[in-house]
Amino acid sequence: MIMTPALRSRLGAMSVALVALAAPVSPLFAEAHAASVTIGSEGAIPPLDPHRTNGTVGLRVIDAVYDGLVREDLSKASDTAPEIVPALASDWSVSEDGLTYTFTIRDGVTFHDGTPLDAAAVQTNFDRLMNEQAAVFDERASGNMSFLTRWIDGTEATDAMTFVIRLKEPFSGLPRLLSDRRMSIVSPAALEANPGDELGFNPVGTGPFQLDTFAQGQTLELTRNDGYWRAVPEIEELVFRPITDPTALAIAMQTGEIDVIPSASAEQVAQLSGQPGLAVQYPDPANAYFIRLNTQVAPTDDKTFRQALNYAVNREAIAALFGGQAAPAASPVPRGNEIAEEAGEAIAGYSYDPEKAKALIAEAGIDTPVTLNILSPNSGPGFGLATQLITLVQQDLKAVGVQIDPEYLEFSTLLSTERGGYPDAYHGSYNGWTTGADSAYWLERMFSGAQQPPNGVNRGWYENEAVDEAFRQARQETDAARRTELYVEAAEKITADAPWIFLYQDRLPRIVRDSVNGIEPAGSVYIDYARLSVE
């Protein structure tokens, strides 16, 4: 049965009464969820334009509405980056020189608006990103997707069901990059009918669910796509409910108002662990949390000083702060990245050694005490303990003569402040990255000199010619083992240069109601919504 807003409101009121009585979840509520799953969102739902979107909150919803040419296989648990498998492309091949990727477009697929999927529809999506003369070209989408399109020389629908991507140089990481939810394929009819900001409120993809009701920032309701090409989803309705207060989100889970917290905080895990009918799942996807340093302003322009900062930080204490939800991270390669296993001890990174930190600061000729001005979120997705984290780092660095002066900002304000790269007034910011970190190419996005603003997210202005050369060779390398070696070489040099204070990796636990099936602990921040069912 489909849960109407009125029924949801009435059941929500019942749930509040139930928690006051410390009673188990009502059987009526369980019945009402029989054809519906509600996902708790830690942030407001943004417009659902995949090519313009950044941030996991929006991309999680986009993942339910759209498909890409390829996708991650989330059907099984994994401790490495999930396998890339066919999606809207039923298969693909690569030319011997590594420059041409040929995709066979899956036959018989239609968009939610009835438009048939073919190679021309895929071409229209790439025209939006790359062809300034096209009617559907969108400058904002083009800029957002430049991390992918910068490698593409041209694209073409060579026949009705064949789509070709020609690269400027060999790039063996292209399939994984194409699995990024921002490269979802949008109905060409919707692109033409909804220019600019309009598409985000009228999303039309081929995904397992389609839009029912949506008011930006409010509850989003999706209904089942009965013509979904993989298989008709078992649930009829998928609801995303924004609850930005972590405590309120935990209570909503406790009372049965939501069924899944896709990225739970340490406090939520502590509060809900052991609760009847709830399970904590640890997918351990690749991600990184760090203080990115401004490498253009003193004293963080000094490599030796940056190394000292990394030796000064007690990452085990940070992990304890997060109650075991975080794992110490002392290098640029997160666990779950596709090169992590091969990298091994080569990227072990920094230990906690305050005396060595003091010696390096003296070697760098930095007079102490010295003050660093650091930006930090005061809340937001993954940052519920931001102020406590900064306090720990302050204590560690103060012990070696370095004072941290934090400026706390609302998360979206922080992003807009640092988007153009750090001005000289700031020595860096505390931030994290959870999307795309499973790809070796992610290292290039974070640390390549060519990815400095406005061309990318290397906002601390880090640059090392030897690192960039290793990236260039790795992109062009068709031998997988040699490609990994090159990325590991780059990672070793980045570790030594210490452009970040490497902090921790969030295990990103999920909390899932026992009655919800189909969510596996694959190494990803995403869920395969097409596989969801409810007992």
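Anyway, here's the lowdown on the structure attached to this text. (Residues numbered from 1 in each chain as written. Predicted model: local features only at pLDDT ≥ 70, side-chain atom pairs only at ≥ 80, totals over all residues. Heavy atoms only, no water.)

1. Some points on the overall build of the chain
And then number 1: Looking only at helices and strands, one finds 19 helices and 21 strands in the chain.
And then number 2: The C-alpha radius of gyration computed for the chain amounts to 23 Å, which stays within 12% of the reference 24 Å derived for 535 residues, consistent with globular compactness.
And then number 3: With the C-alpha coordinates of the chain rotated into their principal frame, the extents come out at 70 × 65 × 40 Å.
And then number 4: Put simply, the chain has 535 residues, and 58% of those count as buried.
And then number 5: Restricting the contact set of the chain to residue pairs at least 6 apart, pairs at least 24 apart contribute 69%.
And then number 6: Accessible surface, the chain as shown: approximately 20100 Å² in total, 49% of it carbon and sulfur.
And then number 7: For the chain, the distance from the average site of its 38 positive side-chain charges to the average site of its 72 negative ones is 2 Å. (Helix = DSSP H or I, 4+ residues; strand = E, 2+ residues; numbered from the N terminus. Rg over C-alpha atoms; globule rule 2.2 N^0.38 Å. Buried < 20%, exposed > 50% of the residue type's maximum accessible area, 1.4 Å probe, protein only. Contact = heavy atoms within 4.5 Å. Areas by Shrake-Rupley, 256 points an atom, 1.4 Å probe, with all protein chains shown as cover. Lys, Arg positive; Asp, Glu negative; His and termini not counted. Charge placed at Lys NZ, Arg CZ, Asp CG, Glu CD.)

2. A word on the sheet that holds strand S16 (residues 402-409)
And then number 1: Strand order in the open sheet formed by six strands is S14-S18-S13-S17-S15-S16, with mixed pairing between adjacent strands. Each edge of the open sheet carries a strand with a single partner, namely strand S14 (326-328) and S16. Strand-to-strand twist across the sheet, computed as the mean angle between neighbouring axes with direction ignored, equals 30°.
And then number 2: Bridge count between strand S15 (residues 370-377) and S16: eight bridges; the pairing is parallel. Bridge pairing in S16 links serine 376 to tyrosine 408. (Pairing = 2+ DSSP bridges. Axes fitted to C-alpha atoms, helices over the stretch in contact; angles between N-to-C directions.)

3. Quick notes on the pattern of salt bridges
And then number 1: Within the structure shown, the criterion is met by 29 salt bridges.
And then number 2: Close ionic contact of arginine 475 with glutamate 169 constitutes a salt bridge, the shortest N to O distance being 2.7 Å. Of the two residues, arginine 475 is situated in helix H18 (residues 465-476) and glutamate 169 in the loop between strand S7 (162-167) and helix H7 (174-178); the sequence distance between them amounts to 306 residues.
And then number 3: Using a relative accessible area of 17% as the deciding quantity, one classes glutamate 169 as buried.
And then number 4: Ionic pairing is found between aspartate 180 and arginine 182, a salt bridge with its closest N-O pair at 2.7 Å. When sorted by exposure, aspartate 180 lands in the same class as arginine 182, which is buried.
And then number 5: Through salt bridges with shared partners, a single network forms among Asp49, Arg52, Arg128, Asp138 and Asp197. (Salt bridge = Lys/Arg side-chain N within 4 Å of Asp/Glu carboxyl O.)

4. With respect to the pairing of strand S18 (residues 500-506)
And then number 1: Taking burial as the measure, the seven residues of S18 include seven buried ones, the bulk of the element.
And then number 2: One ladder, built from four bridges, connects strand S13 (residues 288-293) with S18; its direction is antiparallel. Counterpart to isoleucine 291 in the pairing with S18 is isoleucine 501.
And then number 3: Both S14 and S18 contribute to a ladder of three bridges, which runs antiparallel. Its bridge partner being in S18, alanine 327 is matched across the sheet by glutamine 505.

5. Focus on the side chain of glutamine 281
And then number 1: Mapped onto the elements, glutamine 281 comes out in strand S12 (residues 278-281).
And then number 2: A distance of 2.6 Å separates the side chain of glutamine 281 from the side chain of arginine 510, its partner in a polar contact.
And then number 3: At 3.0 Å, the side chain of glutamine 281 forms a polar contact with the backbone oxygen of isoleucine 519.
And then number 4: Filtering out sequence-adjacent residues up to four positions away, glutamine 281 remains in contact with Leu508, Pro509, Arg510, Ile519, Glu520 and Pro521. (Polar contact = N/O pair within 3.5 Å; in protein donor to acceptor, adjacent residues only side chain to side chain.)

6. Quick look at H18
And then number 1: In a regular helix each residue adds 1.5 Å, so twelve residues correspond to 16 Å; H18 covers 17 Å between its end C-alpha atoms and thus fits that length.
And then number 2: Within H18, burial applies to Val467, Ala470, Phe471, Ala474 and Arg475. In a view along the axis of H18, the buried residues occupy a sector of 135°, so they form one face of it.
And then number 3: The elements touched by buried residues of H18 are helix H17 (441-447) and helix H19 (480-497).
And then number 4: With a side-chain oxygen lying 2.8 Å from the backbone nitrogen of alanine 466, the N-terminal cap of H18 falls on asparagine 464. (Expected span 1.5 Å × (residues − 1). Arc of directions from axis to C-beta.)

7. Describing the sheet that holds strand S4 (residues 89-94)
And then number 1: Read across the sheet, four strands follow the order S4-S5-S7-S6 without closing on themselves; strand pairing throughout is antiparallel. The outermost strands of the open sheet, each flanked by one partner alone, are S4 and strand S6 (152-159). For this sheet, the mean inter-axis angle between neighbouring strands, taken without regard to orientation, is 20°.
And then number 2: Pairing between S6 and S7: six bridges, direction antiparallel. Residue pairing in the sheet places glycine 154 in a bridge with arginine 166 of S7.
And then number 3: Against the sheet, helix H4 (residues 119-130) contacts strand S5 (100-105), S6 and S7, and its axis sits at roughly 155° relative to S6.

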